[in-house]
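Residue-level structural notes
The primary structure of each chain is shown beneath.
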Amino acid sequence: MNINKIDLNLLIYLDVLLRECNVTRSANKLNITQPAMSNGLKRLRDLLGDPLLVRTSEGMKPTEKALRLQPIVRKVLLELEEALQPEADFNEKTSKRVFRIMASDYAASTVIPGLLNRLRENAPGITLDIMTPSDVTFHDVEAGKIDMAINRFEELPQSFHEKSVWHDTFVCMMSSDNPLKNSFNLDAYLEAQHIWVSKTGFGVGVGMDPNDVQKLGWVDEALQTIGRKRSIRVFTRSYHTAMHLAHEQDLIATLPRKVAMVNKNNPDVVILEPPFTIPPIELKMIWSPLLHHDASHNWFRKQVIALANELQAQAKR
């Protein structure tokens, strides 16, 4: 095939079609008519000698050849868009830029307040738009619609840039009136009723099963390694809710240390070391290659890391 005969628009069509698997939605994404999108698909099929999308009982599905092409086409388009990004100076003192951040509840509780203080002092015109993991997808980040996602991630697309914000350990929070605080060992921990809290990744959450340890996450997997299991009374995706419920006399919340320390001066609760080993977690920030060389984005990333370093230093005092 002579590459000179390939219309760049066809690659853009192919990229959107393989992500949407729907001609109408693809046309809407590209702001073109459905007939134009259908014609583009026909040209692609003729050019590549493959149907690319086939109709099934579950809707349109990509062929094997389409699946092989998808990451290659995406990478080419991302690199081209990145190369064509205009260079511009950035002045944080006068900027009115809006930074859109997907932040887990944990990240929002620990990073955002301090970040807002830094911006208030150094960049008063900048606005933060904080979104939850259920508000966005990896595609939104990859396309640069979201400036940054701050969360704990298991796996990431190879095209993303990423940087570790920090590693965090766990503590247990309970009411000051909880009698277990006086002899807090593993037996006491397992005797109590517990608040489960976690929300990572992207997408809408699903209901939890107390018996599905693999989906329960860090704390329960750590208990499983020593052959023990805790009794979970409440499931929540909000760390603030978990900390509020920890005021109840019969409940314990096992939380990342940095979020629990929000209550370090609260006389109504106590914060204790867990009576078993829980592996630390890593908080990361990720962003699109389209934004990697953007002057304002580069400045913003430095603010997040500078704040993280400050919080780390404060925690060691």
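Owing to the predicted nature of the structure, the values given are computational and were not obtained by experimental measurement.

**Notes on the pattern of salt bridges**
- A complete count under the given rule lists 15 salt bridges for this structure.
- A salt bridge links Arg 19 to Asp 15, with the nearest nitrogen and oxygen atoms 2.8 Å apart. In this pair, Arg 19 and Asp 15 both sit in helix 1 (residues 8-20), four residues apart, roughly one turn of the helix.
- Owing to a relative accessible area of 27%, Arg 19 belongs among the partly exposed residues under this scheme.
- The exposure class of Asp 15 is buried, given its relative accessible area of 4%.
- One salt-bridge network, in which partners are shared between bridges, spans Asp 15, Arg 19, Arg 74 and Glu 142.

**Considerations on the packing of aromatic side chains**
- In this structure the tally under the stated criterion is eight aromatic pairs.
- With 5.9 Å between their ring centres and 55 degrees between their planes, Tyr 106 and Tyr 239 make a pair best called tilted. Residue Tyr 106 is located in helix 5 (residues 105-110), and its partner Tyr 239 is located in helix 11 (residues 239-245); the two are separated by 133 residues in the primary sequence.
- With 5.1 Å between their ring centres and 70 degrees between their planes, Tyr 189 and Phe 276 make a pair best called edge-to-face. Residue Tyr 189 is found in helix 8 (residues 186-191), and its partner Phe 276 is found in the loop between strand 11 (269-272) and strand 12 (281-287); the two are separated by 87 residues along the sequence.
- Among the residues examined, Tyr 189 registers a relative accessible area of 0% and is labelled buried.
- Exposure remark for Phe 276: the relative accessible area of 10% places this residue in the buried category.
- Three or more aromatic residues joined by ring pairs form one cluster here, namely Phe 184, Tyr 189 and Phe 276.
- Of note, Arg 97 hangs over the ring of Phe 99, and the distance from its end group to the ring centre comes to 4.0 Å.
- Above the face of the Trp 166 ring, Lys 258 is positioned so that its terminal group lies 5.0 Å from the ring centre.

Thresholds, definitions, all that
Residues numbered from 1 in each chain as written. Predicted model: local features only at pLDDT ≥ 70, side-chain atom pairs only at ≥ 80, totals over all residues. Heavy atoms only, no water. Salt bridge = Lys/Arg side-chain N within 4 Å of Asp/Glu carboxyl O. Helix = DSSP H or I, 4+ residues; strand = E, 2+ residues; numbered from the N terminus. Buried < 20%, exposed > 50% of the residue type's maximum accessible area, 1.4 Å probe, protein only. Phe/Tyr/Trp six-rings, centres within 6.5 Å; stacked < 30°, edge-to-face > 60°. Lys NZ or Arg CZ within 6 Å of the ring centre and 35° of its normal.

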